[in-house]
Each structure stands twice: as C-alpha cells, then as structure tokens.
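# Secondary and tertiary structure notes
Single-letter residue listing:
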Amino acid sequence: MNIHLNVNGQPLSLEVHPGDSLLNVLRRQGYFGVKHGCETGECGACTVLLDGKPVSSCVMLAAQAEGHAVETIESMGEHPEQGWRTTPGLHALQRAFVESGAVQCGYCTPAQILAARALLDKNPAPNEEQVRVALSGVLCRCTGYLKPVQAVLRAAAWLRGEEMEPQDRIGFPLPPDQNAQEADALPGGFAPVPPAGTLLDTAQRVMPKMVVTPQTEAMQRVGKPEPKVDAVKLVQGKPAFAGDIEMRSLLHAKVLHSPLAHARIKRIDVSRARALEGVAAVLTWQDIPRVVYSTAGQSDPIPGPLDTFSLDNKVRFVGDRVAFVAAETLEIAEQALKLIEVEYEELPALLDPARAMQEGGVRLHDEPEYKNFADSDPSHNLAAHIHIDIGDIEKGFAAADYIFEEEYIVPKVQQAHIEPHVVLTYWDEDDRLVIRTSTQVPFHARRILAPVLGLPVKRIRVVKPRIGGGFGGKQEILIEDVAAHLTIATHRPVIYETTREEEFIASRSRHPMRIRMKTGVLKDGTLTANSMHALADTGAYGCHALTVTGNTGHKSMALYVGDGLYRQKPNIQFVADIVYTNHPPAGAYRGYGVPQGYWAVDRHMERIARKLGLDPLEFRLKNALRAGELHPFSTAWSEGREPRPETIQTCGLEECVRQGRAVIGWDQKYGNPVWHAGLVGADGIRPNDRPYIRRGIGAALVMQGTAIPYLDMGAASLKMNDDGSFNLLIGATDLGTGSDTVLAQMAAEVLGVPLDDIITYSSDTDFTPFDKGAYASSTTYISGAAVTRAAQQVAERIRQRAARMFNEQEKATHLPNVEADKIHLQDRQALAPDGRALSLEQIARHALHQADQEQIMAVASYMSPVSPPPFAAQFAEVTVDLESGQVVVDKLVMAVDSGVIVNPLTASGQIEGGLVQALGYAVCEEMVYDDKGRARERDFNSYHIFRAHETPELETIFVETFEPSHPFGVKAVAEIPMDGVAPAVGNAVLDACGADIFDNPLTPEKVWRCLQMRSDQK
Ligand code: FES
Ligand code: FES
C-alpha cells in the first residue's frame, strides 16, 4: 500500500506493507536516530514526534501515520562546523545533553531529547517534576536520569534567555567537616524538604562533590569535566550503532527457541520452512559442525568448562536454540519458524539448584565433547567448585565469644541494556568474514568464533561500532555465530537482532545464589573468623560460572579481616558450588558476583552490630581492610591461576564513611526516634499525620577490584597528523561508560593538547591493537596505562624533533642548545626553557614533509601485576509503609575512593546510573520461573526498571586517593556502585521498622509478611 507522510518537513510517498510499523519504515528510510529497544511500546527508544506529540513508533502502524507530520532527531540541530557551510549548530537541548554529561551509551538519547522538546514546546519553564514526568516514557539503563533531567532544565533556561553557570568546575569541594553544615538546617537534624511542586533542586548540581588530590589539581586535562568525545554524534542520532546500517541483499535472521526446559530433539523437519518463498536458509544441528566452546568472552584459556554448541540435539532450558532461519524479510523468517516441525523427547527438568548434585539425579551435560575446567564435574552437574582457606577458620571460631550464622538469598536479574544484542555479518571482497556486532569483547569474540565457524582467526574481522549499553550482557559470544553460520550457508549478509523477549528468555543474567554466612566475633566486636558458602545457579551452561562466583567471595569477604592480631592473620573461608540447572544461563553482569556477596556480608555485619549493640559504622571500620595490608585473597586464589600476594596501597574508606555520613546526616538521624517516626515540612518538624510511616537509614561498606592482575592486557596506538592532531586507536570498548573520553584525556594530558585534538577510534580487530575488552572495571586503569605509555613515547619523539628544530634555529640565532628532555609540551606547543616555542603543527610538518621524514607514532601495551581495589561507603534513606510493606527509597548517597577521577562528569554519571540499576536489585527486579522452567518476566512491563519520575535523590562524593601503581593514580569506578545499594536499603528497612529480610528484592509483600510475623510473635 502507498502512504504519504511528512518526515522532518519533507513530504514522502512510500510503498509499505499493511503490517509495517512506523519504526521499521522510518529506519528503512535511513532515519537511524529512531531506535529499537522492544516491540511492545514500553522502552520509548523509538520515540518520534507525531504532530508535535511523542509516540512510540514501534507500536504504531506506518499506515496510521498517513497524512501526519513526523519528526525524528534528524530534524534537530547538527554539528556547528560543516566545512564552508555554516549551520545553526546543535539545538539547545542537544548542546545541554552534551555539556551536562547526560549521554552515556546514547541509545535512548534521541528519544529523551524529542520527549523533552515536546515538553519545552508546550511549557518553556518546567519544574523538575514536570521534566521527570516528560522523560518517564523513555527508559534509560545508564544514567540514573539525573543528568538528563539537569540537561533539560538547563536547555529550558537557555531557551528562555537565562544565563547558566558553565559546567567546567572540577566539582563542589567539601568543607572540612560538613556534619554541621548539611544536616543542622532544622531542629532534630532534619534536612529541609524542597518546596511543593518540585522533587529536587538539581538544576545546578551536575558536578559531584569531591575531595581532590594535589596531583589532580596540577593536571590540565586529567581530572577535568570534559564533555564526551562521542556525545555530539549521539545527540544527533547518527548511525553509530551496529544495527544502523543498510546493505544490499541483506537477509534477516531468526532463531527457533525451545519451549521445553530439558529435552532431546528426536526429529526435526525443516522441509516446509525451506520451501517457503523468501527463505534463504534453515539450519539445524545436523547442518553445522559440532564444535564445543564457551560463550564467555574471556582470555585464553577460558576459565570455565566448554559445554556449548551453536546448535545441539539436546535443549537445556526454555529459550535454548533449536534452529536458525535467514529470509528476505523478518516477517518471512518468523513465518518460517512456525513451519519447522520438532519432535522432542522430554527429559526431567532440574530446576532446584539444591538438588543439582544429588547422586543419580538429572544430568544436563552428558555429551562426550564436554571439556572440564579445574573442578567442574558434569556427572554431578557441577560447573565449578571453589574452596579457599585463609588462616585457620576453625581456630577462629573456637576463639570467638559469639557465632552468628544465617542464610541469605539473591535473585536472578537482567542487565536490561536498552539496545538489544545485534550483529551483522558478511563476506568482504577478500573472502574474509566481517562481523559487525554490539560486543564488549571484539578480540575474544574473534578468537572464540574461529573454530566454531571453521575459519582461521586471520580470516575474521570483528568490528565493534557504538554499543547501546552492555553491563556484562555483551561480554558473551551470544549471537555472532547465528548470523555467521547463516552468512556461510547463504554467502549473503545477515543481520540478527534479538527481540526484548529473547533478551529475557535467551540471553544472560546475574547468578542467583543461596549464601550461608558463619562469623565468629569477640565481645568488643573483633571478627575472629568469617566464612561464606555460596550455592550459585549457573543455569544450563557454565559461562562465567567459576569467575563470577569466585568474585563473590574474593571481593566481599576480603573487606573484613578482623582487628588486632586477627588483622595480621585473618581467618577467612570461602566455598562455592556453581551448579547446572535447566534455567537460562547466568553470566557476567556489572559487579560480576560482588553484589551477591555484599548482600550477604553486609546484611550479616549489620545484624551482628545490632545484636552486640555496636555502632554499625564503627564496627565495620574496626574490622575493615586498610592501606598497607595484604589483600587477604591475593595469597590464596587467582581464578584458578597462581596467586600472587598484593598489598593495598590506597584506601580512602574511612574518609568515605566520614563524608558520606555527613552528607546523609547519619549522626542526626540514626537512632533518633523523632526522625524515624516524623514527617518534616519546609518549616521544621510537624506532627506525624501518617502514623503508619517509618523512616530508616542504612549503610554498607564495599570494595571492588580494578582489572585482573597478570591477565588483563590493553594496547593503544597513537599517530601524529600534519596539523598536530593525533589518531588514538584502541581495542578497548566504550559501552557508554566514557572510556573513549577518559583515554583521550590521558593522551591529551601527556601531549599538552586539548581533547578535540585526539581523534579516538575503537575498535576493529583489523585496525586497532588488542584489548581484552570492557569488563572487570579495567579500561581506565589497564587501557589507560597503555594509552599513557604510547603517548609518552610519542611525546618523546616530538621533543627530540623539536630539540633538533630549535638547535637548527640556534645556528642562526646563537642561542644555547636545547636538550630534548627539557622541552615541555603544553597548549599545542613544544616550549624550550629559554621561552622559544614551536607549534605541534610545525613539528608534524617537519617530520612528515621536510627533513629525515618519519611518522611520529607509537604502540604500547600494559598488563598490571596488581588490582588495586576501589572502596566506598553507600548510604540509603527509606520510608516504609507499615500497612502495605511498601518501601520508598528517598535518598542514596555514595562516597567512593576510585583513585584520581579522570573525568568527574562521566564518572559521576557512572555512579548515578549504577546506583539506580542497583536500586532495582534492592527493591523490584527479579526473574521468576514456573515449575516447567518458563520465565514469568518477558518484557519491560513485567520486569520493572526505574523510570525518570521514580528515582530517589542521588548524591555522589569522590574521595580521591592517588594510586601509585597507575601513572595518573586511577582505580575503577564502573562496577562498585552496584555493590552496596541493596544491603544499605535492607539495613535501612530494618532500621525503619524492624523487618529483617534475608532475600532481596525487598518487595512490599516480603516486608509486609515479615512485619506480620513480628507482630504475631509479639
Ligand atoms: S522500541 Fe518502541 S517502545 Fe521500545
Ligand atoms: S544512555 Fe540511556 S540507555 Fe544508555
């Protein structure tokens, strides 16, 4: 059928299928700023303006838009410099999103900007609440919404002609002691509440609070809130993502998923599907080689069992793969799936991890190709086993005055990146297979796929374009083989993009666990022994089984070593069984096992402190690890490799506690019965008119790691151009974290140039050097050290050539000789001690064109012998409704020591986004399966992630230390915000109403039941 639209002011006459969605039609026309995040109208990524109103184009038929005006992000501003053509530049909203750090992965950004545009067109002076409501239709998994809200308020002010303070300050400094300053505003320690009609006054608070090191203050580019190097393209909705591409004769792939949790495929008949017109290929396990591998995107050798096939004659979970189809259109591919006939022999399903290791029970992996790693044992459904003893645990228990034992449970949750997994494969003109994919691990993907596809590594090129969030979900070789097998079968390009339902039923998740804690304590609160036993459910395959669960103990149990003599020789035990079940596989998810550990460890510490009548913060600090001490696990475990002792060089934990407790007003609120029961107005305490409400405050202390020592390696190459600019090529992958920006900042710092002189490109296995990829909070530290080394080598070459140029001048001027090592690079110049200067452009031209020509460039790599932990204190303030059990989290504060903060704007965005993601783990996110192993959560309706109008007040404080193992003193930022929110909220709920909940999330039902039980016991 023919329809007529007006798109961005241009009349369009289009031939469409009656069932075509507006989203698909617009993307086919090249409007790639309209994104796909789901198919059911819930994520808002596909938002366009229809006659000025935001609509979800995925659930609107193109035919319904007949005669209407459609606006996409492409109708807004553009880059201000377009050669000789002058442009009005970016729209105020786009500019504000760039400058406020509101863009992380950028996948939701066009939709957020359009939703904001619709608001500002109607209401030029919105308050924060109105902005939050306007953005509430667009899900963002990265930002925590704070900076997008600030950007909209800022743009509104600009459009009204108001001046706004520039966002170039490093951060808001903290006064020496802000206990008095922050929380004494009202009697009883109450902080003032915002005036009615607003949620928070965040318009001016883009930057975090900071305690800055002297080294940071002395730097020019590192430590500064530079806008992201990729933000300008993302606010324009440029075709930056893996699926934003057109290609002649492109086929569309679909996967047939298993409806059963455990079955053998007795017979599979694809003849009717193959016969369907428009179908190019149908593949089953009988059509492709049987190669065993692991989907975990990790270094070689993969630290886990090899237990997966692209297609198998057995299915092991509801959602497992049965067949692949490639067809001319998605609709034909979907039709073809329905024509495939499969006869299953259903097998008993194993859905209870506690029964997995029972003798003679159901066995998931009986294939002869299975390859063990370390202690995996498929005959007992054991994907991995860990046993770590530090000190003498039994001696420690024997010395204790009290023993505390309890079991804690954590659920399966989803990464829920808004961009689904998407891959496009094709043969290039040299018969090499190109894989353009949304991956966190392009180099691991190439290595792992080579044997699966029957190709040598050298005949595969993996291109990682922009990624729309990953959070570990894309540290998996999950879909690349599907498209690649179909390209091999058809010799045509193939695109495969998962639906949101496939994301829920067939991708990866956080490992659910049952964790048993046993802890020995002296009367004075000294820990004498601490043990953890974790039973983790890896699901049907063992990808990341060993390493995720290893981290659960390694990072959470290492924090508490005891005090006095015990501090020197702690007694710690960590044992874990990671078992197969017929649930969908778990895998990597931001935090990588550590949030599970801290739910148990920190809730346990809180309970011990309360039972012994100790101050919960003092009790934790008394027993916590300190600078100068050995990381206890470094002597005992290293993911199945040789452990090497490591001393903690920097630890700002005590200062984090001091700053965080001041900002949240801990001393005024904790144990204050008036505060617990009261409600506060702008004018002070008023009588409690809601007697069923209780307030509570809680904290959790956490540590993470920074990269995997003696394993993770990153590399960078840096080349100087004619104009004195530089190309920085890195294998590291920016998932939206801002790593491209912070790596460019390090290069700019060394070379003495502004950030926009560094043109960053990542990553392509043909052109960029190797990098292990984005995981383990390692990019700033590992890849950053590689970039710094490469930049130092380039700077050295520049100094050498500048010295030569100065000294050639010297012959004419009779000035003294200049030594290269005395030349300083600054402001795009090489400065001699005598005041002479050469521009980098002059030096580049001299090198490339004028004398003894050479390309000034360098390649460097870095592998770290240490993994310096970041530390943090996380605080939560909650309100609990005693009648319904509902928990409202009012405020989250995180004070974090991540070493030097290279970019406070992007780093605070990481913290804010992490806090809100972690809040879902605390109160609402959970994946539940029925007794047939079928998922309850299959879309963003049943699986709730926070929206813009639901998030609490967020406060980030950076307590900088200078980590001596890195040239710029950095440690990790990205994962640590995930660790302490759930236990801090759990502790705050306990503080509010006495409900002591052992399994998160803290749903109203659980809190209500716990309160009922307490009242029955009374
Ligand atoms: S893609 Fe349309 S709402 Fe998700
Ligand atoms: S920036 Fe919003 S989803 Fe990534």
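Residues numbered from 1 in each chain as written. Chains lettered and ligands numbered in written order. Predicted model: local features only at pLDDT ≥ 70, side-chain atom pairs only at ≥ 80, totals over all residues. Heavy atoms only, no water.

### Here's the deal with the overall build of the protein
- Of the regular secondary structure elements, the protein holds 27 helices and 37 strands.
- A compact globule built from 1018 residues would reach a C-alpha radius of gyration of about 31 Å, and the protein, at 29 Å, matches this within 12%.
- If you line up the protein on its principal axes, its C-alpha atoms span 85 × 80 × 60 Å.
- Sorting the 1018 residues of the protein into buried and exposed places 64% on the buried side. (Helix = DSSP H or I, 4+ residues; strand = E, 2+ residues; numbered from the N terminus. Rg over C-alpha atoms; globule rule 2.2 N^0.38 Å. Buried < 20%, exposed > 50% of the residue type's maximum accessible area, 1.4 Å probe, protein only.)

### Brief notes about the packing of aromatic side chains
- Summed over the entire model, instances satisfying the criterion amount to 10 aromatic pairs.
- Note on Tyr 402 and Phe 404: the rings are 6.3 Å apart at their centroids and 50° apart in plane angle, and the pair reads as tilted.
- Within the aromatic cluster, the residues linked to one another by ring pairs are Phe 504, Phe 940 and Tyr 943.
- We note Arg 510 situated over the ring of Tyr 589; from NZ or CZ to the ring centre the distance is 4.0 Å.
- Against the face of Phe 397 rests Lys 518, its NZ or CZ located 4.4 Å from the ring centre. (Phe/Tyr/Trp six-rings, centres within 6.5 Å; stacked < 30°, edge-to-face > 60°. Lys NZ or Arg CZ within 6 Å of the ring centre and 35° of its normal.)

### Thoughts on the sheet that holds strand 13 (residues 314-315)
- Read across the sheet, 3 strands follow the order 13-11-15 without closing on themselves; strand pairing throughout is antiparallel. Among the strands making up the open sheet, the edge pair consists of strand 13 and strand 15 (341-346).
- For strand 11 (residues 263-269) and strand 13, the ladder comprises 2 bridges, and the chain directions are antiparallel. Counterpart to Arg 264 in the pairing with strand 13 is Lys 314. (Pairing = 2+ DSSP bridges.)

### Examining the confidence of the model for the protein
- Per-residue pLDDT for the protein averages 92, and the proportion of residues at 70 or more is 94%.
- In this model, residues 169-204 is a region of pLDDT below 50 whose contacts with residues beyond four sequence positions or in other chains number 87 contacts. (pLDDT = per-residue confidence, 0-100. Contact = heavy atoms within 4.5 Å.)

### Observations regarding the pattern of salt bridges
- For the structure shown, the criterion picks out 69 salt bridges.
- A salt bridge links Arg 508 to Glu 476; the shortest N-O distance between them is 3.1 Å. Placement of Arg 508 in the loop between helix 14 (500-506) and strand 22 (513-521) and of Glu 476 in the loop between strand 20 (460-463) and helix 13 (480-490) is noted, with a sequence separation of 32 residues between them. Glu 476 carries the same exposure label as Arg 508, and that label is buried.
- Among the charged side chains, a network of salt bridges with common partners joins Lys 266, Arg 267, Arg 272, Glu 341 and Glu 343. (Salt bridge = Lys/Arg side-chain N within 4 Å of Asp/Glu carboxyl O.)

### Quick look at the packing of helix 4 (residues 128-135) against helix 5 (residues 146-159)
- Two numbers describe how helix 4 lies on helix 5: the axes approach to 10 Å, and their chain directions differ by 115°. When the axes of helix 4 and helix 5 are compared, the crossing they make is right-handed. On helix 5, the residues that touch Glu 128, Val 131, Arg 132 and Leu 135 of helix 4 are Leu 146, Pro 148, Val 149, Val 152 and Leu 153.
- Of the residues in the contact of helix 4 with helix 5, the class split is 7 nonpolar, no polar and 2 charged. (Axes fitted to C-alpha atoms, helices over the stretch in contact; angles between N-to-C directions. Left-handed = near helix turned anticlockwise from the far one by under 90°. Nonpolar A, V, L, I, M, F, W, Y, C, P; charged D, E, K, R; others polar.)

### Topic: the sheet that holds strand 28 (residues 713-720)
- Taken in spatial order, the 4 strands of this open sheet run 30-29-28-34, and their pairing is mixed. Two strands in the sheet have a free side with no partner beyond their single neighbour: strand 30 (758-761) and strand 34 (857-863). The sheet shows a mean angle of 20° between the axes of neighbouring strands, taken without regard to direction.
- Bridging between strand 29 (residues 726-730) and strand 30 involves 4 bridges; their strand directions are parallel.

### What about the pairing of strand 2 (residues 10-15)?
- Where strand 1 (residues 2-7) lies against strand 2, 6 bridges are found, and the strand directions are antiparallel. Looking across to strand 2, one finds that Asn 6 is bridged to Pro 11.
- Counting the residues that bridge the hairpin from strand 1 to strand 2 gives 2 residues, and of these Asn 8 lies at a positive phi of roughly 55°.

### Description of the packing of helix 17 (residues 594-611) against helix 26 (residues 981-993)
- With their axes 8 Å apart at the nearest point, helix 17 and helix 26 run at an angle of 30° to one another. It follows from the interaxial angle that helix 17 and helix 26 lie roughly parallel. Where helix 17 crosses over helix 26, the handedness of that crossing is right-handed. Contacts between helix 17 and helix 26 involve Tyr 598, Trp 599, Asp 602, Arg 603, Glu 606 and Arg 610 from the former and Ala 982, Pro 983, Gly 986, Asn 987, Leu 990 and Asp 991 from the latter.
- Taken together, the residues of the contact of helix 17 with helix 26 break down into 5 nonpolar, 2 polar and 5 charged. (Parallel < 35°, antiparallel > 145°, perpendicular 65-115°, else oblique.)

### Topic: helix 15 (residues 545-556)
- Between its terminal C-alpha atoms helix 15 stretches 17 Å, which fits the 16 Å expected from 12 residues at 1.5 Å a residue.
- Three or more residues of helix 15 are buried, namely Ala 545, Leu 546, Thr 547, Val 548, Thr 549, Gly 550, Asn 551, Thr 552, Gly 553, His 554, Lys 555 and Ser 556.
- The inward-facing, buried residues of helix 15 abut strand 16 (382-390), strand 22, strand 23 (527-539), strand 24 (572-580), helix 17 and strand 27 (693-703). (Expected span 1.5 Å × (residues − 1).)

### Thoughts on helix 18 (residues 616-623)
- For helix 18, a buried count of 6 out of 8 residues is recorded, marking the element as mostly surrounded by other parts of the structure.
- Those residues of helix 18 that fall on the buried side of the exposure criterion are Pro 616, Leu 617, Phe 619, Arg 620, Leu 621 and Asn 623.
- Between the side-chain oxygen of the N-cap and the backbone nitrogen of Leu 617 there are 2.9 Å, and the N-cap of helix 18 in question is Asp 615. (Polar contact = N/O pair within 3.5 Å; in protein donor to acceptor, adjacent residues only side chain to side chain.)

### Concerning the side chain of His 631
- Here His 631 is to be found in the loop between helix 18 and helix 19 (653-664).
- The contact partners of His 631, leaving out residues within four places of it in the chain, are His 554, Ala 558, Glu 646, Ile 648, Met 703 and Pro 869.

### Points about the environment of Cys 142
- By the secondary structure assignment, Cys 142 is in the loop between helix 4 and helix 5.
- Note: C-alpha distance between Cys 142 and Ser 75 (67 residues apart in sequence) is 25 Å.
- Those residues within four positions of Cys 142 in sequence are excluded, and the remaining contacts are Gln 104, Cys 105, Phe 471, Gly 909 and Gly 913.

### Digging into the environment of His 385
- Residue placement: His 385 occurs in strand 16.
- Judged by relative accessible area, His 385 falls into the partly exposed class, the value being 25%.
- Along the chain, His 385 and Glu 854 lie 469 residues apart, while their C-alpha atoms are 55 Å from each other.
- Excluding residues within four positions of it along the chain, His 385 makes contact with Asp 375, Leu 546, Val 575, Ala 576, Asp 577 and Ile 578.

### Points about the pairing of strand 27
- Counting buried positions along strand 27 yields 10 of 11 residues, so the element is predominantly enclosed.
- Bridge count for strand 27 against strand 35 (residues 871-881) is 11 bridges, and the pairing is antiparallel. Opposite Ala 700, over in strand 35, you have Gln 874 as the bridge partner.

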